[in-house]
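# Structural overview
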Amino acid sequence: MSEIAQSTTSKADFWFDPACPFAWVTSRWIGEVEKVRDIETEWHVMSLSVLNEGRELDHDYQRAMDENWGPVRVIIAASELHGSEWIKPLYDAMGGLIHNEGVKDRPEVIRRALAAVGLPGDLAQYADSDEFDPQLRESHKAGIGLVGQDVGTPVVAFNGTAFFGPVMTRVPSGSEAGAIWDASVTLAGYPHFFEIKRTRTERPKAV
């Protein structure tokens with residue numbers, strides 16, 4: 001992770017799996033924060049499929065993990081072959097299809113996302129290839145290694161201090177988005193703070 005610049009700009013590092021609805025909501029919040037606070041966000045891929053390797057999962061969740069290899073592999077391939085600047089546009093395109101439009105077919109998500117951002121359609125072949133899995137695992141390890149194996153996505157580092165979350169089910173905007181950012185940075189800045197949590201009572205909704 002890069003060092004914090006000596007300026008008023010705050011740094012956020014964001015690790016996501018495009019399949020995760022909670023990461024999607026948090027990522028949309030970060031976008032709102034960027035409108036009202038002087039922050040710079042760097043985007044990274046992590047993988048729920050990697051995270052859950054070797055675990056006892058029920059049939060439906062295991063099937064989802066098998067299917068979710070495709071999108072993260074394609075994002076990593078695009079980053080390796082065309083540049084890391086494509087990570088965020090592809091995430092936006094894939095996440096919008098999965099979470100806002102409800103597209104469940106992963107090959108369709110990949111095909112439409114590549115077309116939407118203007119990347120070559122043949123990148124879709126990497127959904128079923130392990131060619132760039134070492135880079136995918138390294139990106140995943142960089143994020144999960146900051147917070148431990150007993151969490152998921154998103155992983156967000158505020159000025160270098162990383163946490164799982166914040167997990168939200170709605171996207172705050174305007175001054176509310178900024179206030180939550182300020183509170184998160186304050187908590188992250190205290191070295192002995194680890195967790196704040198309550199039972200979720202609703203599903204994420206980003207639109």
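Placed above this text is the structure.
Below, the structure is looked at part by part. Predicted model only: the values in this text are computed from it and were never measured. (Residues numbered from 1 in each chain as written. Predicted model: local features only at pLDDT ≥ 70, side-chain atom pairs only at ≥ 80, totals over all residues. Heavy atoms only, no water.)

### Quick notes on the pairing of strand S3 (residues 155-158)
Residues Val155 and Ala157 point to one face of S3 and Val156 and Phe158 to the other, with burial holding for every one of them. Summarising the sheet, strand S1 (residues 10-16) and S3 pair through four bridges and their orientation is antiparallel. Paired with Ala12 across the strands is Phe158, a residue of S3. Judged from the four bridges that link them, S3 and strand S4 (residues 161-164) form a sheet pairing that is antiparallel. Its bridge partner lying in S4, Ala157 is registered against Ala162. (Buried < 20%, exposed > 50% of the residue type's maximum accessible area, 1.4 Å probe, protein only. Helix = DSSP H or I, 4+ residues; strand = E, 2+ residues; numbered from the N terminus. Pairing = 2+ DSSP bridges.)

### Here's the deal with the environment of Ala162
Inspection of the secondary structure puts Ala162 in strand S4. Between the C-alpha atoms of Ala162 and Ile144, which are 18 residues apart in sequence, the distance is 9.3 Å. Beyond its immediate stretch of four places on either side in the chain, Ala162 contacts Leu146, Val147, Val155, Val156 and Ala157. (Contact = heavy atoms within 4.5 Å.)

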